[in-house]
Amino acid sequence: MTSLFVVGMRREAAIVAREGGQAAIGIGQLERSLADATGIVSFGICGGLDPALKPGALIIATEVIIEGGPPLRCDPAWTERLVDALPGALAAAIFGGDGIVATAAEKTFLHRLTGAASVDAESGPAARLAHARGLPFAVVRAVCDGAAQNLPPAALVGLTPEGREDFGAVLQAVAARPGQLRALIRLAGQAAAALRALSECGGRVVALTR
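The following paragraphs examine the structure supplied in this document.

Rules used in this analysis
- Residue positions are given per chain, counted from 1 along the sequence in the order it is written.
- The predicted origin of the model limits local features to residues at a pLDDT of at least 70 and limits the giving and counting of side-chain atom pairs to 80 or more, whereas totals for whole chains, interfaces and linings rest on all residues.
- In computing side-chain properties, one takes all heavy atoms of the structure into account and sets aside hydrogens as well as water.
- Geometry is summarised by axes, namely lines fitted to C-alpha atoms with helices restricted to the contacting stretch, and by angles between N-to-C directions that run from 0 to 180 degrees.
- By definition, any uninterrupted DSSP run of H or I lasting at least four residues is a helix, any uninterrupted run of E lasting at least two residues is a strand, and each is numbered from the N terminus.
- Here is the rule for angles: anything less than 35 degrees is roughly parallel, anything more than 145 is roughly antiparallel, 65 through 115 is roughly perpendicular, and the remaining ranges are oblique.
- By convention the crossing between two helices is left-handed if the near helix lies anticlockwise of the far one by an angle smaller than a right angle, and right-handed if it lies clockwise.
- The contact rule is simple, with two residues in contact once any of their heavy atoms fall within 4.5 Å.
- Burial classes follow relative accessibility: with a 1.4 Å probe on protein chains only, a residue under 20% of its type's maximum area counts as buried, one over 50% as exposed, and anything between as partly exposed.
- A pair of strands counts as paired when DSSP detects no fewer than two bridges linking them.
- Here a crossover is taken to be right-handed if, once the strands point away from the viewer, the path from the first strand over the helix to the second is traced clockwise.
- In these notes, a set of buried Ala, Val, Leu, Ile, Met, Phe, Trp, Tyr and Cys residues joined through side-chain atoms within 4.5 Å is what counts as a nonpolar core.
- For this analysis, a salt bridge means a side-chain nitrogen from Lys or Arg found within 4 Å of a carboxyl oxygen belonging to Asp or Glu.
- Note that the arc is computed from the directions linking the helix axis to the C-beta atoms.

1. Some remarks on the packing of helix H3 (residues 76-85) against helix H7 (residues 181-208)
As a packed pair, H3 and H7 sit with axes 10 Å apart at the nearest point and diverge in direction by 150 degrees. Between H3 and H7, the crossing angle belongs to the class labelled roughly antiparallel. The two elements H3 and H7 cross, and the hand of that crossing is right-handed. Of the residues in H7, those in contact with Trp78, Arg81, Leu82 and Ala85 of H3 are Arg204, Val205 and Leu208.

2. Some remarks on the pairing of strand E1 (residues 4-7)
Across the two faces of E1 the burial is the same, with Leu4 and Val6 and Phe5 and Val7 all buried. Pairing between E1 and strand E2 (residues 22-25): four bridges, direction parallel. Looking at E2, one finds that Phe5 is bridged to Ala23. Each parallel crossover has a hand, and the one from E1 via helix H1 (residues 10-18) to E2 is right-handed.

3. Some words on the side chain of Asp120
The residue Asp120 is located in strand E7 (residues 118-120) in this model. A residue is classified by how much of its surface remains accessible, and Asp120, at 5% relative accessible area, is buried. If we ignore the near neighbours within four places in the chain, the residues touching Asp120 are Ser42, Ile45, Cys46, Ile94, Phe95, Gly96, Gly97 and Arg141.

4. What to know about the nonpolar core
By size, the foremost hydrophobic cluster in this structure holds 31 residues, and its most contacted members are Phe43, Leu58, Val140, Leu198 and Val205. Mapped by element, the contributors of at least two residues to this core are E1, H1, strand E3 (40-48), strand E4 (58-65), H3, strand E8 (137-145) and H7. The element that contributes the greatest number of residues to this core is H7, accounting for nine residues. In contact with Val140, other than residues within four places in its own chain, are Ser42, Phe43, Gly44, Leu58, Ile59, Leu82, Leu86, Leu198, Cys201 and Val205. Listed in part, the 26 residues of the second largest apolar core include Leu34, Ile59, Cys74 and Ala127.

5. A short note on helix H5 (residues 123-133)
Here H5 has its buried residues at Ser123, Gly124, Ala126, Ala127, Leu129 and Ala130. Looking one or two places after H5, you find Gly134, whose phi comes out positive at around 70 degrees.

6. A word on the pattern of salt bridges
Following the criterion strictly, the structure yields four salt bridges and no others. A salt bridge links Asp145 to Lys107; the nearest nitrogen and oxygen atoms lie 2.6 Å apart. Taken together, the residues span a long stretch of sequence, with Asp145 in strand E8 and Lys107 in helix H4 (residues 104-114) at a distance of 38 residues. The residue Arg141 makes a salt bridge to Asp120 at a minimum N-O spacing of 3.6 Å. Pair noted here: Arg141 is in strand E8 and Asp120 is in strand E7, with a separation of 21 residues, a long-range link.

7. Comments concerning H1
Every buried residue belonging to H1 is among Glu12, Ala13, Ile15 and Val16, and all of these are buried. For H1, the angular spread of the buried residues around the axis is 155 degrees, confining them to a single face. Where the residues of H1 are buried, they touch E1, E2, E3 and H7. Positive phi shows up at Gly20, right after H1, with a value of about 90 degrees.

Everything listed here is a matter of coordinates, which is why it stays silent on function.
Next up, the structure:
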């Protein structure tokens, strides 16, 4: 078996599958699928913490900063290969959060506290698993929402635990607060840009982390 990719959305998993890789959606599925894995790759969209990062910017993690413990270093060989293969990507520390960081104030606080370039919900637990199992670990993420951006409330209910888009929940949230529609449309465009960036680099990432 080759490396197992951990993602948060079915659309991210589809990119991995198209390139011949195997993806687990969420940490629970990752844990259940890990028995024969030879490595773990965290792959998907993320929130920007560095104000310089725009939607679609690629980040290759050098280490994952987590609460309550020392930073967890990514595999140096994999990181070097990915940096060479993705010259436009930023190599930087990232923050492994427990959920979505929704406000600009929270993002500013995290960036000042940790110096991390981005945040996502899968990389922290995945890094812990990889280090506990002695497996090589890498992170490739694409920025969706920028550091100065507040997420509309509807975005926080937009996914099911299985990584599917929950359009019904989003419509209910918009109906309750119609003023967020413009921000939601903007976010959808940014997510599309991030997913395009992941799609363009997916083949190289799968090939380099086998």
